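Here is what each chain is made of, one letter per residue.
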Amino acid sequence: MSNIGVDTTEHLPSIVIPRRDHARLERLAGDAVKERHPVGSFLMSEIRRAVVFEINQVPDGAVCLNEWVTYRVDGSRQSESKILVCPRDLRNGLIELSVLSPLGAALLGMSVGQRMKFFSIEGGLHSVIVEGVLAPAGAPLLFPLRPRRIVGRASTGSREPDDGGPHAA
């Protein structure tokens, strides 16, 4: 079996998942485990240890599906910003990141400032830190045909209404 997952010698950061995404992610991870996808077990373990919140109660700064995340891998000089998506929703790898990739599974549910080590598909150990959850400057121009909630979280802790797009039941 593959060595993909987290480095269990270190403390794992707490993670949160909105209830609206939990069942969909659990099905995705379960199917991936059955199909022996190299990231399936890692994603399932992350989902099982997550705290599930109603969407309007998800703490500010948490990485959620279909939202932007800015992160830095292995202390790189340059941060990257991508939208975390389910694999079937992946349309543009330049601005989207699959939750069924080692990096995507590691980022799921983490909050700004949290760091976690994870193993790549090739077996290398990497570290990722979450730097932000808002769209980077200019991002709305990159993806005008598919609306995303780009404002993210207001300082009051309230969240913008859902965009009304399709959701798994």
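Quick summary incoming for the structure in this document. Just so it is clear, the model here is predicted, and its values are computed rather than measured. (Residues numbered from 1 in each chain as written. Predicted model: local features only at pLDDT ≥ 70, side-chain atom pairs only at ≥ 80, totals over all residues. Heavy atoms only, no water.)

**Structural notes on the overall build of the chain**
Stage number 1. Scanning the chain from N- to C-terminus turns up four helices and eight strands.
Stage number 2. Starting at the N terminus and walking to the C terminus, you meet the elements of the chain as β-β-α-α-β-β-β-β-α-β-β-α.
Stage number 3. Taken over 169 residues, the chain has a buried fraction of 46%.
Stage number 4. In the chain, the proportion of contacts linking residues at least 24 apart, taken out of those at least 6 apart, comes to 60%.
Stage number 5. With an accessible surface of roughly 8900 Å², the chain has 55% of that area assigned to carbon and sulfur atoms. (Helix = DSSP H or I, 4+ residues; strand = E, 2+ residues; numbered from the N terminus. Buried < 20%, exposed > 50% of the residue type's maximum accessible area, 1.4 Å probe, protein only. Contact = heavy atoms within 4.5 Å. Areas by Shrake-Rupley, 256 points an atom, 1.4 Å probe, with all protein chains shown as cover.)

**As for unusual backbone geometry**
As a rule of thumb, non-glycine residues mostly have phi less than zero, and peptide bonds are mostly trans rather than cis.
Stage number 1. A positive phi is found at N66, a non-glycine position, where the angle reads about 60 degrees.
Stage number 2. Mapped onto the secondary structure, N66 falls in the loop between β3 (51–53) and β4 (68–73).
Stage number 3. For D74, which is not a glycine, the phi torsion comes out positive at approximately 55 degrees.
Stage number 4. Turning to its location among the elements, D74 is positioned in the loop between β4 and β5 (80–85).

**Side note on the pattern of salt bridges**
Stage number 1. The final tally for this structure, using the stated rule, is seven salt bridges.
Stage number 2. Residue D21 pairs with R20 through a salt bridge whose shortest N-O separation is 3.3 Å.
Stage number 3. Put simply, R49 and E46 hold a salt bridge, and the shortest N to O gap is 2.8 Å. Placement of the pair is R49 and E46 together in helix α2 (residues 40–49), with a separation of three residues, close to one helical turn.
Stage number 4. Assessed through its relative accessible area of 1%, E46 is described here as buried. (Salt bridge = Lys/Arg side-chain N within 4 Å of Asp/Glu carboxyl O.)

**A short note on the nonpolar core**
Stage number 1. Grouped together as the largest cluster of nonpolar side chains are 32 residues, with contacts concentrated most on L43, V99, L107, L108 and V128.
Stage number 2. Contributions of two or more residues to this core are made by α1 (19–34), α2, β4, α3 (102–107), β7 (115–119) and β8 (125–132).
Stage number 3. Sequence-distant contacts of L108, defined by excluding residues within four places in its chain, comprise I15, I17, L25, L43, I47, V63, L84 and V99.
Stage number 4. Core analysis: the next-biggest nonpolar cluster, separate from the first, contains five residues, W68, V85, I95 and A139 among them. (Core = buried A, V, L, I, M, F, W, Y, C linked by side-chain atoms within 4.5 Å.)

**Structural notes on the pairing of β7**
Stage number 1. As judged from the five bridges shared by β7 and β8, these two strands associate in the antiparallel manner. Bridge pairing in β8 links K117 to S127. (Pairing = 2+ DSSP bridges.)

**Considering the packing of α1 against α2**
Stage number 1. Here α1 crosses α2 at 150 degrees, and the two axes come no closer than 8 Å. As far as their axial angle goes, α2 and α1 are roughly antiparallel. Crossing handedness for the pair α1 and α2: left-handed. Note on element contacts: α2 touches α1 through G40, S41, L43, M44 and I47, opposite H22, L25, E26, L28, A29, G30, A32 and V33.
Stage number 2. Counted by class, the contact of α1 with α2 contains eight nonpolar, four polar and one charged residues. (Axes fitted to C-alpha atoms, helices over the stretch in contact; angles between N-to-C directions. Parallel < 35°, antiparallel > 145°, perpendicular 65-115°, else oblique. Left-handed = near helix turned anticlockwise from the far one by under 90°. Nonpolar A, V, L, I, M, F, W, Y, C, P; charged D, E, K, R; others polar.)

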